[in-house]
Amino acid sequence: MNRRMLLWWGVACLVLATALGAFVVYAYTETPGFDRWWNELIESIRSDGMYSFALVLNWIGGGWVAILGIPLLAIVALLLARRWRSAVFAAVCFALSAGAVQLLKEIFGRARPEDMLVVSDYGSFPSGHTANAATIALVLWVLFPRVWTAIVGVLWILAMALSRTFLSVHWASDTLGGALVGAGVVLVLAAWLLPWVRQRREQAIEAPIG
């Protein structure tokens, strides 16, 4: 995918996320029907196994693990692989994605479901956990564009999104918004920074004469 396509897809994701947030918050006096239906469906099929699975992803995708642990691990791994440009790219993606999520939470201030099973912070839209999952997935795909990274990334995003609704801390539309924000930030930054990231260091070594 060329830079122009990356930029257009990234901007489209961010615009759609913002439009979705405005739609579910301002176009409805109550929670949209699909969100209520999905929440009730999950509640009716929720099991101990699903709950335990969701709790694990709640820990991985939030708090210090998501904010510091996973980003630092990825950055250190890239540095050890002598890919410092990739490490910088990943760091900027993680930081701006988190910032975009907090900005939209403040703008929309959407209320969370009343039947939450874990404590969570202010603002339901967008899902920070899902945005973080999408950021990780897209960073890996941009740096290592393989079929397996795409498949694993999609599965990771879906698992995180489902886990947020399993715990009733987010509406389904919140998770879609989070995925769009995380993906959008990475794609826009990739359109801007990817040529620099892929640039190889050139060392000029002159052979001694004589």
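These notes cover the structure that comes with them.

**Examining the environment of P113**
- For P113, the position within the fold is in the loop between α5 (84-108) and α6 (128-143).
- It is 19 Å that separates the C-alpha atoms of P113 and A131, two residues lying 18 residues apart in sequence.
- Setting aside residues no more than four positions away along its own chain, P113 makes contact with N39, S124, S168, V169, H170 and W171.

**What about the packing of α5 against α6?**
- Close contact between α5 and α6 brings their axes to 10 Å; oriented N to C, the two are set at 155 degrees. Between α5 and α6, the angle is such that the two are roughly antiparallel. Crossing of α5 over α6 shows right-handed handedness. Contacts between α5 and α6 involve S86, F89, A90, C93, F94, S97, V101 and K105 on the former and, on the latter, G128, A131, N132, T135, I136, V139, V142 and L143.

**Side note on the pattern of salt bridges**
- Going through the model one piece at a time under the given rule, you end up with 2 salt bridges.
- Residue D35 is joined to R110 by a salt bridge in which the shortest nitrogen-to-oxygen separation is 2.8 Å. With a gap of 75 residues between them, D35 in helix α2 (residues 33-45) and R110 in the loop between α5 and α6 connect regions that are remote in the sequence. The residues D35 and R110 share a single accessibility class, namely buried.
- Close ionic contact of D174 with R110 constitutes a salt bridge, the shortest N to O distance being 2.7 Å. Here D174, found in helix α8 (residues 172-198), pairs with R110, found in the loop between α5 and α6; they are 64 residues apart in sequence, far enough to count as distant. No difference in accessibility class separates D174 from R110, as the two residues are buried.
- A network of salt bridges, in which partner residues are shared, links D35, R110 and D174.

**Regarding the state of the cysteines**
- The tally for this structure, following the rule as stated, stands at 0 disulfides.
- Of all cysteine sulfurs in the structure, the one in C93 sits closest to C13, which takes part in no disulfide; the separation is 13 Å.
- Note on C93: relative accessible area 0%, which makes it buried.

**Observations concerning the packing of aromatic side chains**
- All told, the structure shown has 6 aromatic pairs when counted by the stated rule.
- When the centroid spacing of 5.3 Å and the interplanar angle of 90 degrees are considered together, the rings of F23 and Y28 count as edge-to-face.
- Ring geometry for W84 against W196: centres 5.4 Å apart, planes inclined by 80 degrees, an arrangement best described as edge-to-face. Residue W84 is located in helix α5, and its partner W196 is located in helix α8; the two are separated by 112 residues in the primary sequence.
- Looking at W84, the relative accessible area reads 39%, which means it is partly exposed.
- Taken together, the ring pairs connect Y26, F108 and F125 into an aromatic cluster.

Criteria and thresholds
Residues numbered from 1 in each chain as written. Predicted model: local features only at pLDDT ≥ 70, side-chain atom pairs only at ≥ 80, totals over all residues. Heavy atoms only, no water. Helix = DSSP H or I, 4+ residues; strand = E, 2+ residues; numbered from the N terminus. Contact = heavy atoms within 4.5 Å. Axes fitted to C-alpha atoms, helices over the stretch in contact; angles between N-to-C directions. Parallel < 35°, antiparallel > 145°, perpendicular 65-115°, else oblique. Left-handed = near helix turned anticlockwise from the far one by under 90°. Salt bridge = Lys/Arg side-chain N within 4 Å of Asp/Glu carboxyl O. Buried < 20%, exposed > 50% of the residue type's maximum accessible area, 1.4 Å probe, protein only. Disulfide = S-S within 2.5 Å. Phe/Tyr/Trp six-rings, centres within 6.5 Å; stacked < 30°, edge-to-face > 60°.

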